[in-house]
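Chain by chain, the residues run as shown.
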Amino acid sequence: MTNLITFHAINNLVFHRPGTIDGQGEIWWDCYNKALLEFVGCSNLVLRHISLKDSPNKHLAFSSCTNLTIHAVTITAPGNSPNTDGIVMQDCQNVQITGCIIGTGDDCIAILTNTYNVDISRISCGPGHGISIGSLGKDNTVAAVERIHIHDSTIYNALTGARIKTWQGGSGYARNITYERISMANVTTPIVIDQTYYTSFEVSTDVAVSDIVFRDIHGTTTEKVAIKLECSAIVPCKELVFDDVTLTRIGDDQTAYATSQNAYGITNGTIIPSIYFN
């Protein structure tokens, strides 16, 4: 089955559409799992001022594309809609995403393997599952994600905020990734690194996660654990930096906690909750 709309191997395209592309949502959820709009093998692509809503699955997908500019895109779907990621990219390089409003039932933005040189800013994300790296390493595949900068954005009413997720048994790396100047509001778990996104037994490899920065991140969590670092005993998380991070719990007891397993790094400035690396 194909996506509802696909552009293939088209270069130097400016996609500027007033109005809304409506995927009709719920009627498709149990029988169709393709994207509403996908671009494959395109370069020098500009999307701006378009609106997508209620996709059967992912809303806006990019595969094997280079030199992308995505500006002022609005994507909406109910918070309980399954797998309705906002923007998903794989095998993409040199990407700029700015000024977008995204609220769905899954990741607002998901960055998948072989993607690098990505700058994401001024995103309003919620509801959804935040702005994610991954998942990576599914079915023992090799991951490669680096030089990702996510900044000056807001995440609210979301399951997760800044998240990196990998499958056990994969290999490769996710590195040189920065989340900074992010405001969190009413987020279940604002910061997550999960190298056990799906757990396998008797694995000998994992995707290496290193050189990750969380800087100037502030806001509220709805649960006790605001920061969750679940890293691999085989390939621990290394070179983590937390710099000026303050996350408090909503309610009378504003105390939140951080959990850390097989994670190594440093902290600078005010860090709430406290993080104790291994």
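These figures come from a predicted structure and were not determined experimentally.

This paragraph deals with the overall build of the protein. Along its length, the protein carries zero helices and 25 strands. Over its C-alpha atoms, taken along the principal directions, the protein stretches across nearly 50 × 45 × 35 Å. When each of the 278 residues of the protein is scored for burial, the buried share is 51%. Excluding contacts between residues fewer than 6 apart, the proportion of contacts in the protein whose partners are at least 24 apart in sequence is 74%.

What follows covers the sheet that holds strand 1 (residues 5–8). Read from one edge of the open sheet, 10 strands run 1-4-7-10-13-16-18-20-22-24, paired in parallel fashion. Strands at the two margins of the open sheet, each flanked by one partner only, are strand 1 and strand 24 (257–261). Across the sheet, the mean angle from the axis of one strand to that of its neighbour is 15°, orientation sign disregarded.

Attention shifts here to the state of the cysteines. Taken as a whole and judged by the stated rule, the model has two disulfides. There is a disulfide in this structure between cysteine 231 and cysteine 237, and the S-S distance comes to 2.0 Å. Taking the sign of the S-S torsion, about -95° here, the bridge from cysteine 231 to cysteine 237 comes out left-handed. On the basis of relative accessibility, which here comes to 0%, the residue cysteine 237 falls in the buried class. Counting only the cysteines that form disulfides, in the order they appear in the protein, gives the pairing 1-2, 3-4. The cysteine cysteine 92 is free of any disulfide, with cysteine 65 supplying the nearest cysteine sulfur at 4.8 Å.

A few words on the environment of glycine 161. On the secondary structure map, glycine 161 appears in strand 18 (residues 160–166). Exposure remark for glycine 161: the relative accessible area of 0% places this residue in the buried category. Sequence separation of glycine 161 and cysteine 125 is 36 residues, and the distance between their C-alpha atoms is 8.8 Å. Leave out the neighbours within four places in its chain, and glycine 161 touches His129, Gly130, Ile131, Ile155, Met184, Val187, Thr189 and Pro190.

What UniProt calls "active site" (unreviewed entry) maps, in this numbering, to His129. Tracing the backbone through its elements, the reader meets histidine 129 in the loop between strand 15 (124–125) and strand 16 (131–136). In this structure the side chain of histidine 129 is engaged in a polar contact, spanning 3.5 Å, whose partner is the backbone oxygen of glycine 105.

Right, let's talk about the side chain of threonine 166 for a bit. Within the secondary structure, threonine 166 is located in strand 18. Residue classification places threonine 166 among the buried residues on the basis of a relative accessible area of 1%. Residues contacting threonine 166, with those up to four places away along its chain left out, are Leu136, Asp194, Gln195, Thr196, Tyr197, Tyr198, Val207 and Val209.

The next point concerns the nonpolar core. Residues Phe39, Leu60, Phe62, Ile87, Ile97, Ile133 and Phe242 are the most contacted members of the largest nonpolar core, which totals 71 residues. By residue number, the principal contributor to this core is strand 19 (residues 171–187), which donates six residues. Setting aside residues no more than four positions away along its own chain, phenylalanine 62 makes contact with Phe39, Leu45, Leu47, Leu68, Ile70, Ile87, Val88, Met89, Gln90 and Cys92.

Scanning the entire structure with this criterion turns up eight salt bridges. Two residues, arginine 147 and glutamate 146, come together in a salt bridge whose shortest N-O distance is 3.5 Å. Of the residues examined, glutamate 146 reaches a relative accessible area of 14% and is grouped as buried. Taken together, the salt bridges that share partners define one network made up of Asp152, Glu180, Arg181, Arg215 and Asp243.

Cut-off values and rules
Residues numbered from 1 in each chain as written. Predicted model: local features only at pLDDT ≥ 70, side-chain atom pairs only at ≥ 80, totals over all residues. Heavy atoms only, no water. Helix = DSSP H or I, 4+ residues; strand = E, 2+ residues; numbered from the N terminus. Buried < 20%, exposed > 50% of the residue type's maximum accessible area, 1.4 Å probe, protein only. Contact = heavy atoms within 4.5 Å. Pairing = 2+ DSSP bridges. Axes fitted to C-alpha atoms, helices over the stretch in contact; angles between N-to-C directions. Disulfide = S-S within 2.5 Å. UniProt positions renumbered as here; feature names shortened; annotations may be inferred. Polar contact = N/O pair within 3.5 Å; in protein donor to acceptor, adjacent residues only side chain to side chain. Core = buried A, V, L, I, M, F, W, Y, C linked by side-chain atoms within 4.5 Å. Salt bridge = Lys/Arg side-chain N within 4 Å of Asp/Glu carboxyl O.

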